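Here's the letter readout for the chains.
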Amino acid sequence: MSAVRKKLLIAGDGTCGEMCLLFVFSKYQFPEVYVPSVFENYVADTEVDSKQEPVKPEEGRDVANHIGAFGHVECGAKTKDGVRGVFEMVTGAALQARRGKKKLG
């Protein structure tokens, strides 16, 4: 079976840890120092409703349902909790989209 290649977009504000998530997934270690990504040169940070607090699990599930997301996974890059599950769900979503299947759940 030939390999399937997909592109993945990780988006978020400047403090949510997108690069940490990718670093932990690829190297299974949390970066000890901040290394800005090249993409930050092309992004404008914005603040909505002045909310700078963690999202509660039920809030995340509600938003996922509201926008018709494929799924919702809780994770923490610093603790490595749930990181693999995020990428397993993304991979499943990409493969099902390729086959024309509907979302899980």
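Above this text is the structure in question.
Predicted model, so just to flag it, every value in this text is computed and none were measured. (Residues numbered from 1 in each chain as written. Predicted model: local features only at pLDDT ≥ 70, side-chain atom pairs only at ≥ 80, totals over all residues. Heavy atoms only, no water.)

Engineer: Please give an account of the packing of aromatic side chains that cites residues and values.
Structural biologist: Throughout the structure, instances matching the rule amount to 1 aromatic pair. On the basis of an interplanar angle of 20 degrees and a centroid distance of 3.9 Å, the ring pair of F25 and F87 is categorised as stacked. Highlighted residues: F25 in helix α1 (residues 18-27) and F87 in helix α3 (residues 83-99), separated in sequence by 62 residues. Residue class for F25 comes out partly exposed when judged on its relative accessible area of 31%. By relative accessible area, F87 is classed as buried at 6%. Positioned over the ring face of Y28 is K80, at 5.3 Å from the centre of the ring. (Phe/Tyr/Trp six-rings, centres within 6.5 Å; stacked < 30°, edge-to-face > 60°. Helix = DSSP H or I, 4+ residues; strand = E, 2+ residues; numbered from the N terminus. Buried < 20%, exposed > 50% of the residue type's maximum accessible area, 1.4 Å probe, protein only. Lys NZ or Arg CZ within 6 Å of the ring centre and 35° of its normal.)

Engineer: So what's going on with the environment of G82? Which residues, and what values?
Structural biologist: Relative to the helices and strands, G82 is located in the loop between α2 (57-67) and α3. On the accessibility criterion, G82 (30% relative accessible area) is partly exposed. The spatial distance from the C-alpha of G82 to the C-alpha of F25 is 10.0 Å, given a sequence separation of 57 residues. Sequence-distant contacts of G82, defined by excluding residues within four places in its chain, comprise V73, E74 and C75. (Contact = heavy atoms within 4.5 Å.)

Engineer: Could you give an account of the nonpolar core, naming the residues involved and the relevant values?
Structural biologist: Counting residues in each nonpolar core, the largest one holds 6 residues, listed as L21, V24, A77, V83, V86 and F87. Mapped by element, the contributors of at least two residues to this core are α1 and α3. The biggest single contributor to this core is α3, with 3 residues. Residues within four places of V24 in sequence aside, it is in contact with Q29, F30, A77, K80 and V83. (Core = buried A, V, L, I, M, F, W, Y, C linked by side-chain atoms within 4.5 Å.)

Engineer: Break down unusual backbone geometry for me, citing the residues and quoting the values.
Structural biologist: Of note, Y28 is a non-glycine position whose phi angle comes to about 55 degrees, a positive value. Along the chain, Y28 turns up in the loop between α1 and α2. The phi angle at K80 is positive, at roughly 70 degrees, despite the residue not being glycine. By the element assignment, K80 lies in the loop between α2 and α3. Taking relative accessible area as the criterion, K80 reaches 27% and is therefore assigned partly exposed.

Engineer: Before we move on, can you summarise the environment of G60 with the specific residues and values?
Structural biologist: Here G60 is to be found in helix α2. Spatially, the C-alpha atom of G60 lies 8.5 Å from that of V73, the residues being 13 residues apart in sequence. For G60, the contacting residues outside a window of four places in its chain are V55 and H72.

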